[in-house]
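Spelled out from the first residue to the last, the chains are:
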Amino acid sequence: MADISEEGKGVVGGEMGKREQENIRNICIVAHVDHGKTTLADHLIAAAAGGVLHAKMAGKLRYLDDREDEQQRGVTMKSSSIALQYKEHMINLIDSPGHVDFCSEVSSGVRLSDGAVVLVDACEGVHIQTHAVLRQAWLERLTPCLVLNKLDRLILELKLTPLEAYNRMKAIIGEVNNIINAFRSEKYLSDVDSILSATPSSEVDGEGDVAPESIDDDDEPDAFAPERGNVAFASAIDGCAFRIDHFADLFAAKLGANAASLKKALWGDYYYNPKTKKIVGKKAAAGKLKPMFVQFVLEPLWQVYETGMQGKDGAEKLGKIIKSMDLKISPRELQHKDPRVVTQTVVASWLPLADTILSMVIDCLPSPITALPERIPRLLPSTFIPSTVDEEIRSKLESVKAAIETCDGSIEAPCVAFVSKMVAVPIETLPRRGPNGEMVNLDMGIGDTDSAQRECFLAFARVFSGVLSVGSKVYVLSALYDPLNPEQGKNVLEARVEALYMMMGRGLEPKSDVSAGNIVAIRGLGQHILKSGTLSTTPICWPFSRMSFQAAPIVRVAIEPSDPTDMGALARGLRLLNRADPFVEVSVSGSGEHVIAAAGEVHLERCIKDLKERFARIELSVSPPLVEFRETADIEGYIAEVDKTTAGQNEFVEKTTPNGRCVVRVHVTRLPGPLVEVLDGNVELLRDIVEGEGKKGILQGNISNEDPVSMLRSNLLAATTKAEGENKKRSDGDRNSWTHKLERIWALGPHRVGPNVLLIPEPGNGGATSRPEGVDDSGLLVRGTAHLSQKLGLTDVVEDASSSTTVEEATDLESEARNLESSVVSGFQLATASGPLCEEPMWGLAFSVEAFVSSKKDGATGADQYGPFSSQVMATVKDACRAAVLAKRPRIVEAQYFCEVVAPAEHLGSVYGVLGKRRARVVKEEMREGTALFIVHAYMPVSESFGFADELRRKTSGSASPQLVQSHWEALLEDPFFVPRTEEEIEEFGDGSSVVQNTARKLIDAVRRRKGLPVEEKLVQFGSKQRTRARKV
C-alpha cells in the first residue's frame, strides 16, 4: 500500500507541476524609445506585485529604472525582471530598453521570454526601433501581442475626432502586420531556397520528392487583430486600457446580440443600423453610418475625456456618467483642482490598465509548455550526429532535448538553463536571510565580486528543464562546446550554485530551488561565465545557440587613469565592466592603450560612468572617439580608367622573398555587395564553423531550413544572383565565375571571419606558360585547400596539395610547399587586418595568391641569412596583397548610421542645415498624417555623428528628436591621392600643389596621426615670414 500511495503521490505531484507551468507566462515589453514601456510596467507592478508600488505612484516612480542616470535621462538602459501574481498565474515580466544603444539588453530579455508585448505610440506610429524589436521577437520565435499606447494624446493633444483616430489606429495596426508579413515572406523564400539547394536534381521527380507541406503556407492570418483579442488600446499615463471584448460584453445585452458575434463586428468595416437594428457592411452603410468601433467604443471614451477636462463646468455631467457606469470613486478624488487628475481617476476606474493587459497576456501569450516546441529549433538547432557516435550518448542527447521541448519540471529530468547576461548588483542589496529565514553566509568567490567586496555578479537566467537547486553542481557550456567530444577543458567548466533569487525589480527574493519555466538570478557563476552561457547538470547536452544582436559596438575610446599609479585598478575595473555589460568590448590596442567599444554615445557614457563610480573608482582620462574605418579598392573605376591595350599588364602584383626562392603573385578583385553583406552578417556563425571544427556541421540529407549552415550556404549562392540583378551590365559568365570562386575559398580575413576572401589558385595555374619569370620548371605552386568551401558544403572536391613529380629531390620541395600553406594564410590575415592606407582592416576584397617555390641553390646549407623561410613568405604575401590594393584605386570605407529625425515644419530648415554640415545623405522626407510633423530619413557617417543630437536640439529649440541606428559600410569614392591629370582638372586645380585635401585624405591622415604613422603635411605654412612672440615697443 505504501508503494502504491507513493506512486500515486508522484503522479499527483507531476500533474501539479504541469499545472503550475501552464500558469506561467514569461513576457518581455518591447518598443521604440519613449513609447511608454516603463510607465505601462509601473501599472502592472502596482496591481500584481504584492504591494511593492502604490497605485498613486504608478507612471511617476518608474520602478524598474533603478539607476540614477536612468531616472535623470528618462531612458531605460537595462532589461529588468519582476515576478507578478495575477489570477493564479505567475507572470515573469521583463522591461527592456527602447534606445538603440542598448539593443543587447533587448536580446537578453527576449531570449528568456516566450511572448512579447509590443507597444506603439498611437500618435508617432511605427518607428525604426519598432522594426528592430519586432525582428528580435521574430528571430527568437516569440508570440507577440500589440498595445496601442497614448490614446490620450489623440484626444487632448492632436484633437482628433473618433473617426480620425480610428483610421489612424487602423493604419498603424496594418503597418505592424505588414512588418510581420515581410518576415514571413523572408522565411518562406529562405525555405524554398534551402530546399532547392539541398535537393539533388536527380531526385526532383523520383523518390526524393520534397513534400509540399514541408514549406509553411504563406496564407496566414494577420499577426495582430483586435477581434482576436491580441490588440489592446491604452493610455499608460492615465492607467486605462481596453480590448474589444470588454465593449462586446457591455453592449451585447443592450443590442440583443451574441457577444462573440459582436466582438468580430466591433473592428473593421461593420456598421450598426439603428433603424433596422442590424449590423451591415460598408456597401449597405453607404457612407452614412459610422464604424461600430467608433460608435460604441471611441465616442464614449471621447465623451468621458472631454467632459472630465471641462473641470467644474462638466462636473454634473461627469457625475451622471460615473453613476451610469456604476463606478466606485470617492467624492474627494472628484474634487481635485486639476481636471486632468480627475479624468485619469475616472478612466482608470472604468477601464483599468492592469486587468486588461494581464488578461491579454494570459489569454493570448503561451505558457512555457506551449511555447517551447515552437522555439526549440531556434534555441537548439538540429545538428548532424555521425553514425559512429555511441548509441547511449545519442539517446542522452535526445532525452535532454525532449526534456527542454516539453519543459519537463520533474526532479528526475536533466536540469538545463540559459544565462543571457551577468548583472552587477551592490552587495548590500543581497538578502541576509535564506528562503526559510536562516542567516546566509555571503562569502563571495574570486569571480563573484570585485576586490573591494562592493559589487556582486548574478547570472540572469531561465530554467528550461528540470529543477535547479542551491548547492547543485552544474556544467557551464560555451557556445563552442561539443558533447560528442567532451574532453574540452576550455569549453566546459564545473560550477556550484551558491544561491538562487527571484528578481523583483529593485529587490531579490531568495529561493531554495526553481523549476522549469521560471526566470531566476544565480549567484556563484561569476568566475565561470563572461557574458552568456548554457548550464546543465549533465555534460551530454548541446549548448544553446548564440543570441543575435541588432548592431555591433562601433564607437571606441581609449582610456587611461589620471594617476599612472592607478593602472592596476583600471585593469581590474575593465574586467568587471566587460562582465557586467553584455555588449561592451574591452581590448588593448597595438600601442598598449586600453580601448572600450560601445554601441553609441549614450552607451559609451554609461560605461564610462560605471567604470568611474562602480568598478574602478578612479579618475579617468578619456580620448576623443576612435571611429573604425575600412579599406577597399575601386576595382570597377580602375578598369574603366586603364586603356584596353595595357590592361593585361597590371592584372597582378609580383613580389619575391629576400632569398629569391619564392615568387608571390597576387590578383585582387572586389566582392559583390550582397556577398559582403552575407559575410558581414554571419560573423558568429562563421566563427563557429571555423573555430568549432564543424560542430555545427552540415546536416547531411536534411533540407530543414533550421540548419544555419545550410541557410548560410544558400544565402551565399543567392548573393551572386542578387548582384546580377543590381548590376545589369554583369554577364552570366561573371555570375558563374563568382559561383565557381565560392568553391575555392581557402580562408576568410581578417581574424579568419572577416568580409575578405582568400581563394586557392585556379586548377590550371602553375604550368610553364603561367609561371613568373625566374621560376624554372622544378618550382612548385603552393596550391592550398578550399577548407572553408568544404565546411560550408560549397564543394566536395579536395585539391591536390601539389603536382606529382618524378625528380627525387622534389619530394622535399613538395613537403616544403605544403608546410608553406599556413604562411600564405597568415600573410593574408596580416594584410587584411592592416590595409595600406592607414592600417585599418580591409573590406569586401577577394585575393588570389599564387606562391611559386623553387629548390635551394646548389651549396646552400644551414640557416638562411634573411631568417626563417616561412616568415619570409608570410611577409612577402602581406606586402604583395597591400601593393595589389594600392595599385587598384584604394578607397576608405566609412560606417554609416541610419538617421531618423522627427521635427515640425518650422524647424525643417535647421534640421537640413545640421544634416548637411555632417555630410548626411537625405533619402526620404515625408509628413506624418494627421500631424504637423515631418520625418526625415538620412544616412550619416559615424565619424560625423558625435554631438549630433545635442546640436540638433540646440538648433531646433528641442523640438526635433533624432534616432541613430547602425546601418552599413559605404566606400567614400573620393581619391585620397588625387592629382590633376586631364585638361579640365589641370585648368581647375593647376599642377596640384595648391589642391586642398579632400575628405578622404583628411580622414586617412587623422587615423595615421593617431596611430603614430608618418603623414605628409606641411609643418611650415609661411616660410618667408619671420614670426616671433616678442612684443615690439
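Residues numbered from 1 in each chain as written. Predicted model: local features only at pLDDT ≥ 70, side-chain atom pairs only at ≥ 80, totals over all residues. Heavy atoms only, no water.

**Structural notes on the overall build of the chain**
Part 1: Helices and strands together make up the secondary structure of the chain, namely 32 helices and 35 strands.
Part 2: The buried share of the chain, reckoned over its 1033 residues, is 51%.
Part 3: The long-range share in the chain, meaning contacts at least 24 apart out of those at least 6 apart in sequence, stands at 75%.
Part 4: In the form shown here, the chain has an accessible surface area of approximately 48,200 Å², with 50% of it arising from carbon and sulfur atoms. (Helix = DSSP H or I, 4+ residues; strand = E, 2+ residues; numbered from the N terminus. Buried < 20%, exposed > 50% of the residue type's maximum accessible area, 1.4 Å probe, protein only. Contact = heavy atoms within 4.5 Å. Areas by Shrake-Rupley, 256 points an atom, 1.4 Å probe, with all protein chains shown as cover.)

**Side note on the nonpolar core**
Nonpolar side chains tend to gather and get buried jointly when the protein is soluble and globular.
Part 1: Of all hydrophobic cores here, the largest spans 104 residues; its most connected members are L154, M169, F233, F242, L266, F293 and L430.
Part 2: Sequence-distant contacts of F293, that is, excluding residues within four places in its chain, are made with Y166, M169, F233, F242, I244, L266, W267 and L298.
Part 3: Grouped together as the second largest cluster of nonpolar side chains are 99 residues, A424, L604, C607 and W843 included. (Core = buried A, V, L, I, M, F, W, Y, C linked by side-chain atoms within 4.5 Å.)

**Here's the deal with helix 17 (residues 391-405)**
In an α-helix, one turn spans 3.6 residues; hence positions three or four apart end up facing the same way.
Part 1: Over its 15 residues, helix 17 extends 21 Å from the first C-alpha to the last, a length consistent with the 21 Å expected when each residue adds 1.5 Å.
Part 2: If you check which residues of helix 17 are buried, you get L397, V400, A403 and I404. One side of helix 17 holds all its buried residues, which, seen down the axis, span an arc of 125 degrees.
Part 3: Directly after helix 17, the chain includes C407, whose backbone phi takes a positive value near 55 degrees. (Expected span 1.5 Å × (residues − 1). Arc of directions from axis to C-beta.)

**Description of the packing of helix 27 (residues 821-833) against helix 28 (residues 869-886)**
Part 1: Two elements in contact, helix 27 and helix 28, have axes whose closest approach is 8 Å; the angle formed by their N-to-C orientations is 40 degrees. Classified by the angle their axes make, helix 27 and helix 28 are oblique. Judged by the twist between their axes, the crossing of helix 27 over helix 28 is right-handed. On the side of helix 27, the interface is formed by S823, V824, S826, G827, F828, L830 and A831, while helix 28 contributes S870, V873, M874, V877, K878, C881 and R882.
Part 2: Of the residues that constitute the contact of helix 27 with helix 28, the class distribution is eight nonpolar, four polar and two charged. (Axes fitted to C-alpha atoms, helices over the stretch in contact; angles between N-to-C directions. Parallel < 35°, antiparallel > 145°, perpendicular 65-115°, else oblique. Left-handed = near helix turned anticlockwise from the far one by under 90°. Nonpolar A, V, L, I, M, F, W, Y, C, P; charged D, E, K, R; others polar.)

**Things to note about the side chain of R243**
Part 1: Along the polypeptide, R243 turns up in the loop between strand 7 (240-242) and helix 8 (244-255).
Part 2: A distance of 2.9 Å separates the side chain of R243 from the backbone oxygen of G229, its partner in a polar contact.
Part 3: Engagement of the side chain of R243 in a polar contact is seen with the side chain of D363, the distance being 3.0 Å.
Part 4: Apart from the residues within four sequence positions on either side, R243 is in contact with G229, V231, A232, T356, S359, M360, D363 and C364. (Polar contact = N/O pair within 3.5 Å; in protein donor to acceptor, adjacent residues only side chain to side chain.)

**A word on the pattern of salt bridges**
Part 1: Counted by the stated rule, this structure contains 52 salt bridges.
Part 2: Salt bridges here are not isolated pairs; linked through shared partners, they connect R111, D114, E140, R375, R378 and R462. (Salt bridge = Lys/Arg side-chain N within 4 Å of Asp/Glu carboxyl O.)

**A few points about the pairing of strand 28 (residues 745-749)**
Part 1: Counting buried positions along strand 28 gives five out of five residues, so the element sits mostly inside the fold.
Part 2: Pairing of strand 28 with strand 29 (residues 756-759) involves four bridges; the strand directions are antiparallel. Paired with G749 across the two strands is N756, which belongs to strand 29. (Pairing = 2+ DSSP bridges.)

**Things to note about the environment of A903**
Part 1: Looking at the element boundaries, A903 is found in strand 32 (residues 890-904).
Part 2: Relative accessible area serves as the criterion here: at 1%, A903 is assigned to the buried category.
Part 3: The residues contacting A903, other than those within four sequence positions of it, are V911, A932, L933, F934, S959 and A960.

**Looking at unusual backbone geometry**
Part 1: In this model, G749 is joined to P750 through a cis peptide bond whose omega is 0 degrees.
Part 2: Residue position: P750 is located in the loop between strand 28 and strand 29.
Part 3: Positioned with a positive phi, R62 is a non-glycine residue whose angle comes to about 55 degrees.
Part 4: You can see R62 is positioned in the loop between helix 2 (37-48) and helix 3 (68-73).
Part 5: Look at R752: it is not a glycine, yet its phi comes out positive at around 70 degrees.
Part 6: Within the secondary structure layout, R752 lies in the loop between strand 28 and strand 29.

**Some details on the packing of helix 11 (residues 292-308) against helix 12 (residues 315-325)**
Part 1: Interaxial distance between helix 11 and helix 12 falls to 9 Å at its minimum, and their mutual angle equals 140 degrees. Relative to helix 12, helix 11 is oriented oblique. Of the two possible hands of crossing, helix 11 and helix 12 adopt the one that is left-handed. The residues of helix 12 that touch helix 11, namely those facing Q303, V304, T307 and G308, are K317, L318, I321 and M325.

**Some remarks on the confidence of the model for the chain**
Part 1: Of all residues in the chain, 85% have pLDDT values of 70 or greater, and the mean over the chain is 84.
Part 2: This stretch, residues 642-649, has a pLDDT under 50; its non-local contacts, to residues over four places away or in other chains, come to one contact.
Part 3: The model gives residues 693-705 a pLDDT under 50, and that stretch makes 39 contacts with residues more than four places away or in other chains. (pLDDT = per-residue confidence, 0-100.)

**Some words on the side chain of T345**
Part 1: Within the fold, T345 resides in helix 14 (residues 339-350).
Part 2: There is a polar contact of 2.9 Å between the side chain of T345 and the backbone oxygen of V341.
Part 3: With residues up to four places along the chain from it excluded, the contact list for T345 reads I329 and E333.

**Regarding the packing of aromatic side chains**
Part 1: Per the counting criterion, the structure on display carries 16 aromatic pairs.
Part 2: For the ring pair W138 and F183, a centre distance of 6.1 Å and an interplane angle of 35 degrees mean the geometry is tilted. Of this pair, W138 sits in helix 5 (residues 128-139) while F183 sits in helix 7 (residues 162-198); the two residues are 45 residues apart in sequence, bridging distant segments of the chain.
Part 3: Overall, the relative accessible area of 29% leaves W138 in the partly exposed class.
Part 4: Measuring from centroid to centroid gives 5.3 Å for F242 and F247, while their planes differ by 80 degrees, and the two rings are edge-to-face.
Part 5: The buried category is assigned to F242, whose relative accessible area is 3%. (Phe/Tyr/Trp six-rings, centres within 6.5 Å; stacked < 30°, edge-to-face > 60°.)

**What to know about the environment of K56**
Part 1: Mapping K56 onto the fold places it in the loop between helix 2 and helix 3.
Part 2: C-alpha of K56 to C-alpha of H43: the two residues are 13 residues apart in sequence and 9.4 Å apart in space.
Part 3: For K56, the side chain forms a polar contact with the side chain of E333, separated by 3.0 Å.

**Notes on the pairing of strand 1 (residues 24-31)**
Part 1: Among the eight residues in strand 1, eight count as buried, and that is most of the element.
Part 2: Alternating residues of strand 1 divide into I24, N26, C28 and V30 and R25, I27, I29 and A31, and every residue in both groups is buried.
Part 3: Sheet topology places strand 1 next to strand 3 (residues 89-95); six bridges connect them, and they run parallel. Its bridge partner being in strand 3, C28 is matched across the sheet by I94.
Part 4: Pairing analysis gives five bridges linking strand 1 to strand 4 (residues 115-121), with the strands arranged parallel.

**Some thoughts on a negative patch on the surface**
Part 1: A cluster of acidic side chains, namely E983, E984, E987 and E988, defines a negative patch on the protein surface.
Part 2: With respect to the secondary-structure elements, E988 resides in helix 31 (residues 983-989). (Patch = residues over 30% accessible without salt bridge, like charges linked within 9 Å, V, L, I, M, F, W, Y side chains within 5 Å. Lys, Arg positive; Asp, Glu negative; His and termini not counted. Charge placed at Lys NZ, Arg CZ, Asp CG, Glu CD.)

**What about the environment of A905?**
Part 1: Considering the arrangement of structural elements, one finds A905 in the loop between strand 32 and helix 29 (908-917).
Part 2: Sequence separation between A905 and A932 is 27 residues; the distance between their C-alpha atoms is 6.5 Å.
Part 3: Discounting chain neighbours no more than four positions away, the residues touching A905 are A932 and F934.

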